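Now for the letters of each chain:
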Amino acid sequence: MIGNTIGLIALALGWRRSVLTWPAQLLSGLILVGAYASAHLAGGVGKQILVIAVAAWGWHQWTRGRQQAQDGSIAVRFATWKERGLLLGGAVLGTLAVGGLFTLYPSLSWSPWADAYIFVGTLVAMVAQARGLVEFWFAWLLVDLVGVPLAFSSGLAFSGLVYVIYFALVIWGMRDWWLRTRTAPSLEGALL
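The structure reproduced in this document is the subject of the present report. (Residues numbered from 1 in each chain as written. Predicted model: local features only at pLDDT ≥ 70, side-chain atom pairs only at ≥ 80, totals over all residues. Heavy atoms only, no water.)

**Some thoughts on the packing of helix 4 (residues 81-104) against helix 5 (residues 112-130)**
To characterise two packed helices, one gives the angle between the axes of the helices and the distance between these axes. Contact geometry for helix 4 and helix 5: axes closest at 8 Å, N-to-C directions at 145 degrees. Relative to helix 5, the crossing made by helix 4 is right-handed. Facing helix 4, whose interface residues are L87, G90, A91, G94, T95, L96, V98, G99, G100, F102 and T103, helix 5 presents P112, W113, D115, A116, Y117, F119, V120, V124 and A128. Taken together, the residues of the contact of helix 4 with helix 5 sort by class into 13 nonpolar, 6 polar and 1 charged. (Axes fitted to C-alpha atoms, helices over the stretch in contact; angles between N-to-C directions. Helix = DSSP H or I, 4+ residues; strand = E, 2+ residues; numbered from the N terminus. Left-handed = near helix turned anticlockwise from the far one by under 90°. Contact = heavy atoms within 4.5 Å. Nonpolar A, V, L, I, M, F, W, Y, C, P; charged D, E, K, R; others polar.)

As C-alpha cells, this is what we get:
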C-alpha cells in the first residue's frame with residue numbers, strides 16, 4: 001500500500017515536471033521489492049529492480065539540465081516518428097520476450113502475457129518520461145487499460161483502485177503536457 005501510494009505521488013510529480021518524480025519512483029520501487037520478496041513473487045521483484053534502474057537513469061536525465069523550461073521544470077515535446085517507432089518496437093519485442101520468459105517459468109507470473117504487457121509498458125512509459133516525451137502518458141494509459149481490470153479480477157482491490165487513480169492522473173497529465181507543447185513555440189517566438 002505504501003509503495004503504490006508513493007507511486008501515485010511520483011506520477012503527480014511527473015505531471016508537474018518535477019525532478020522529484022524520480023526519487024519518488026525509486027523509493028516506491030524499493031518498497032515494492034520488499035513487498036514482492038516477502039510474498040515470494042520473483043517476477044514482481046525483477047520488475048521493480050528494472051523500474052529502479054530506469055528511475056535512476058531518468059533522474060540522471062532530468063538533472064542534467066538539458067531539457068529545462070523557462071519555469072525551471074522539464075521541457076516537454078512530442079516524440080519524432082523515429083522515436084515513436086523505437087518505443088513501439090521496444091514495447092512489442094519486449095512484451096514478446098518477457099511474456100515468453102514468464103510462460104517458460106510460470107513461477108514468475110500467474111498471468112504471463114498481461115504481466116509482460118504491463119511490465120514492458122511501464123518501462124516504455126518511464127523511458128519516454130525521462131526523455132520528456134508527451135507519449136509517455138499514452139504508454140501509461142495503455143498500461144492502465146490492462147492493469148485496472150486485471151487487478152480487480154485478481155482480487156487486488158487496492159491495486160485496482162490505485163490504477164483507477166493513475167488513470168485519472170494520466171488523463172490530466174496528458175492534457176497538461178499536450179498543452180505545454182502547443183504554447184512553448186509561441187512563447188519562444190514572442191521572446192525573439
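**Looking at the side chain of T122**
Note that T122 resides in helix 5. Excluding residues within four positions of it along the chain, T122 makes contact with K47, V51, W140 and V143.

**Here's the deal with the packing of aromatic side chains**
Enumeration over the complete set of coordinates arrives at 7 aromatic pairs. Taken together, F78, F138 and W178 form an aromatic cluster joined through their ring pairs. Taking the ring centre of W81 as reference, the NZ or CZ of R84 above it sits at 4.5 Å. (Phe/Tyr/Trp six-rings, centres within 6.5 Å; stacked < 30°, edge-to-face > 60°. Lys NZ or Arg CZ within 6 Å of the ring centre and 35° of its normal.)

**So, helix 5**
The end-to-end C-alpha separation of helix 5 is 27 Å, in line with the 27 Å expected for 19 residues at 1.5 Å each. Burial within helix 5 is extensive, with 14 of its 19 residues counted as buried. G132 lies just past helix 5 and shows a positive phi near 70 degrees. (Expected span 1.5 Å × (residues − 1). Buried < 20%, exposed > 50% of the residue type's maximum accessible area, 1.4 Å probe, protein only.)

**With respect to the environment of F167**
Mapped onto the elements, F167 comes out in helix 7 (residues 157-191). Residues F167 and L145, spaced 22 residues apart in sequence, show a C-alpha to C-alpha distance of 8.3 Å. The residues contacting F167, other than those within four sequence positions of it, are L141, D144 and L145.

**What about unusual backbone geometry?**
Apart from glycine, the bulk of residues carry a negative phi angle, and the bulk of peptide bonds sit in the trans form. Residue R17 is not a glycine yet carries a positive backbone phi of 60 degrees. Inspection of the secondary structure assignment puts R17 in the loop between helix 1 (2-15) and helix 2 (21-38).

**Details of the nonpolar core**
Residues L11, F136 and W140 are the most contacted members of the largest nonpolar core, which totals 46 residues. Here this core gets 11 residues from one element, more than from any other, and that element is helix 5. Residues contacting L11, with those up to four places away along its chain left out, are F136, W137, W140, Y166, L169 and V170. (Core = buried A, V, L, I, M, F, W, Y, C linked by side-chain atoms within 4.5 Å.)

**Section: a nonpolar patch on the surface**
Residues M1, F152, F158, L161, V164 and I165 make up a contiguous nonpolar surface patch of about 560 Å² in total accessible area. For the nonpolar patch, the leading source of residues is helix 7, giving 4 residues. Here V164 shows up in helix 7. By relative accessible area, V164 is classed as partly exposed at 38%. (Patch = residues over 30% accessible without salt bridge, like charges linked within 9 Å, V, L, I, M, F, W, Y side chains within 5 Å. Areas by Shrake-Rupley, 256 points an atom, 1.4 Å probe, with all protein chains shown as cover. Salt bridge = Lys/Arg side-chain N within 4 Å of Asp/Glu carboxyl O.)

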